[in-house]
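# Breakdown of the fold
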Number of protein chains: 2
Amino acid sequence: MSQSTGGTRERIQAVALELFTEQGYEKTSLREIAERLGVTKAALYYHFKSKEEIVNSYVEDRLHRMDELIDWARDQPATRATRHALVSQYADTMFAPGQSVVMRFFEQNQTVLKSLVAGQQMRERMFRLADAICQGDDSPRAQLRATLVLFAVHSSWFAVRTPDITDDERKKIALEVADELLNGIEES
Amino acid sequence: MSQSTGGTRERIQAVALELFTEQGYEKTSLREIAERLGVTKAALYYHFKSKEEIVNSYVEDRLHRMDELIDWARDQPATRATRHALVSQYADTMFAPGQSVVMRFFEQNQTVLKSLVAGQQMRERMFRLADAICQGDDSPRAQLRATLVLFAVHSSWFAVRTPDITDDERKKIALEVADELLNGIEES
DNA sequence: ACCTGAACACCGTTCAAGT
DNA sequence: ACCTGAACACCGTTCAAGT
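Residues numbered from 1 in each chain as written. Chains lettered and ligands numbered in written order. Predicted model: local features only at pLDDT ≥ 70, side-chain atom pairs only at ≥ 80, totals over all residues. Heavy atoms only, no water.

Looking at an unreviewed UniProt entry, one finds chain A named TetR/AcrR family transcriptional regulator, with Micromonospora antibiotica as its source organism.

Structure, rendered in structure tokens:
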């Protein structure tokens, strides 16, 4: 039983992601995940060291894409154009096909993530990205604006409640509002 | 033992708020709370129907203050001045003395709150407030902007990392950035 | 290599019982 | 009215054991 080409690890990731997003991380028990897979709770521990490790497995490639962005930004001049490119790139990785599922998981589980290692790493990257965005203007105003730029990309997923809107349209709107915020940051 | 003028209920609220903020709602056990109070786990159930009910007790007056704001806004013209007053009032209740502890609890526990009744109510009020803010301009762009206005007030607590900044300064910066966003919303 | 069965300490909740 | 003691089903995790 339970078709699909082996890959129990991958099947655990998929089922867990779905349940974590639907019901939240804490409210989803390993028993539930195991039952859906027709497997024992203990079996999960062969593939993952802990419940938290399942979450970490989603975050890894996301983290290193953010690292790449941060590194790239460091070598660029602190201009409007750089900031625009940075945010645009960030939105691209956030709205990449296949990533939208993970996106909704993050939106649903921000707080739990704070206590998990993966969440702290994501949080740290967000601060560094924000710092990269307001490079050359370290006023509190610029810090807040830079943070809201990232939020604009994130929150377009739920804040825009227009029915039948496509992901591309969400992204476009997010970038427009983000750009306005960027214009308030001084060039150095 | 355990001084203070009786009021076990109030002492539970205080200790729980502290622990929930420090360690998060899910990671704080009722045993921990009970031990700090020199009381039994079961005793908590005399004062609160459940763990969730403790959280609800923080949210109640906050909810009705938001309701008042929403009701007030409904009867006002959809002008820049109304929107400014609305956000300014909202920031006042958010930064009210004594509320900053509750504020940090919310910041720390957004996600858990989503699955709790109290959280869903707060979420619903936030959407309604956002709708009130972009009254007269129901474009997706305006919706996103209005949501970010509320986030500006909330996130000034952690996004601004300037050392030794006062709560009043945070509030001032939040309102400045919020006002810029408001200016992008059309008057009807 | 991959999984099971059974046990571990802990969790939120209930309830009869005590004062 | 206010609290205790003991039990309940459930949780994440471990580990010896099976194939």
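There is more to say, and it comes next.
## Comments concerning the relation of the copies chain A and chain B
Here is the rule we go by: A least-squares superposition brings the copies together, and it is based on the C-alpha atoms of residues with pLDDT no lower than 70 in both. Contacts are residue-level and defined by heavy atoms, with any inter-residue pair within 4.5 Å sufficient.
It takes a turn of 180° to lay chain A on chain B, together with a shift of 0.0 Å along the axis; the resulting RMSD is 0.0 Å. Here the two chains are linked by the operation of a two-fold rotation axis. Interface residue correspondence from chain A to chain B reaches 100%, placing this contact among same-surface, isologous pairings.

## Observations regarding the protein's contact with DNA strand D
Worth spelling out the cut-off: Proximity criterion: a residue is near a molecule or strand once any of its heavy atoms comes within 4 Å of it. In protein, a polar contact requires one atom able to donate a hydrogen and another able to accept it; more generally it is a pair of N or O atoms within 3.5 Å, and residues adjacent in sequence count only if both atoms are side-chain atoms. Secondary structure elements are defined from DSSP: runs of H or I of at least 4 residues count as helices, runs of E of at least 2 residues count as strands, and each element is numbered from the N terminus.
A:Arg31, A:Tyr45, B:Thr40, B:Tyr46 and B:His47 are the nearest of the 16 residues found near DNA strand D. Taking A:Ser29, its side chain carries an N or O atom lying 3.1 Å from a phosphate oxygen of DNA strand D. In this structure, a phosphate oxygen belonging to DNA strand D sits 2.6 Å away from a side-chain N or O atom of A:Arg31. Secondary structure elements with two or more residues in the surface near DNA strand D: α2 (30-37) and α3 (41-47) of chain A together with α3 (41-47) of chain B. In terms of residues, the surface near DNA strand D owes the most to one element, α3(B), which gives 4 residues.

## A closer look at the UniProt feature "DNA-binding region" (unreviewed entry) in chain A
Using the following cut-off: UniProt positions are given in the numbering used here, feature names are shortened, and annotations may be inferred rather than shown by experiment.
As recorded in UniProt, the feature "DNA-binding region" (unreviewed entry) lies at residues 29-48 of chain A. Here residues 29-48 of chain A runs as 75% helix and 0% strand, with 14 Å between its end C-alpha atoms.

## Let's talk about the domain arrangement of chain A
Residue and element names in this part refer to chain A. Convention followed: Either an automatic procedure or a domain database provided the assignment from which the domain bounds are taken. Buried area is calculated as the accessible area (1.4 Å probe) missing from two parts once they are joined, with the contributions of both summed. We define a salt bridge as a side-chain nitrogen of Lys or Arg found within 4 Å of a carboxyl oxygen belonging to Asp or Glu. Residues are grouped as follows: Ala, Val, Leu, Ile, Met, Phe, Trp, Tyr, Cys and Pro are nonpolar; Asp, Glu, Lys and Arg are charged; every other residue, Gly included, is polar.
Along its sequence, chain A is carved into domain 1 (1-49) and domain 2 (56-182). Once you take the C-alpha centre of each, domain 1 and domain 2 turn out to be 29 Å apart. Between domain 1 and domain 2, the contact holds 11 residues from the first and 10 residues from the second. Summing both partners gives a buried area of about 820 Å² for domain 1 against domain 2, and 67% of it is carried by carbon and sulfur. Area buried by domain 1 at its contact with domain 2 is led by Leu17, Thr21 and Tyr25, which between them contribute 60% of it. Inspection of the domain 1/domain 2 interface yields 0 salt bridges. The interface formed by domain 1 and domain 2 holds 3 residue pairs in polar contact (both at pLDDT 80 or more) in total. Looking at the side of domain 1 that touches domain 2, its residues break down into 5 nonpolar, 3 polar and 3 charged.

## Overview of the packing of helix α8 (residues 140-159) of chain B against helix α9 (residues 167-182) of chain B
All names here are of chain B. For clarity, the threshold we go by: Every angle, taken between N-to-C directions, lies between 0 and 180 degrees, and every axis is a line fitted to C-alpha atoms, over only the stretch in contact when it is a helix. Orientation categories follow fixed angle ranges, with anything under 35 degrees roughly parallel, anything over 145 roughly antiparallel, 65 to 115 roughly perpendicular, and all other angles oblique. Less than a right angle of anticlockwise turn of the near helix away from the far helix marks a crossing as left-handed, whereas a clockwise turn marks it as right-handed.
Across the interface, α8 lies against α9 with an axial gap of 9 Å and an inter-helix angle of 165°. On the basis of the axis angle, α8 is roughly antiparallel to α9. For α8 against α9, the interelement crossing comes out right-handed. Contact residues: Arg145, Leu148, Val149, Ala152, Val153, Ser156 and Trp157 in α8; Asp167, Arg170, Ala174, Ala178, Leu181 and Leu182 in α9. Taken together, the residues of the contact of α8 with α9 sort by class into 9 nonpolar, 1 polar and 3 charged.

## Some points on the nonpolar core
How we decide: Among buried residues, the Ala, Val, Leu, Ile, Met, Phe, Trp, Tyr and Cys ones that are joined through side-chain atoms within 4.5 Å form a nonpolar core. The buried label applies to any residue whose accessible area, calculated with a 1.4 Å probe on protein chains only, is under 20% of its type's maximum; exposed applies above 50%, and partly exposed to all values in between.
A:Leu148 and B:Leu148 are the most contacted members of the largest nonpolar core, which totals 124 residues. In this structure B:Leu148 touches A:Leu148, A:Phe151, A:Ala152, A:Ser155, A:Val177, A:Leu181 and B:Leu181, once residues within four positions along its chain are discounted.

## Describing the protein's contact with DNA strand C
The environment of DNA strand C is formed by 16 residues, the closest being A:Thr40, A:Tyr46, A:His47, B:Arg31 and B:Tyr45. Expressed as a percentage, the sugar and phosphate content of the atoms of DNA strand C within 4 Å of the protein is 64%. Between a phosphate oxygen of DNA strand C and a side-chain N or O atom of A:Thr8, the distance comes to 3.5 Å. In the environment of DNA strand C, a phosphate oxygen lies 2.7 Å from a nitrogen or oxygen atom belonging to the backbone of A:Thr40.

## Let's talk about the packing of helix α1 (residues 8-23) of chain B against helix α4 (residues 51-74) of chain B
Residues and elements named next belong to chain B. The N-to-C vectors of α1 and α4 enclose an angle of 95°; their axes lie 10 Å apart at closest approach. On the basis of the axis angle, α1 is roughly perpendicular to α4. Counted together, Arg9, Ile12, Gln13, Ala16, Leu17 and Phe20 of α1 and Lys51, Ile54, Val55, Ser57 and Tyr58 of α4 form the full contact between these two elements. A class-by-class count of the residues in the contact of α1 with α4 yields 7 nonpolar, 2 polar and 2 charged.

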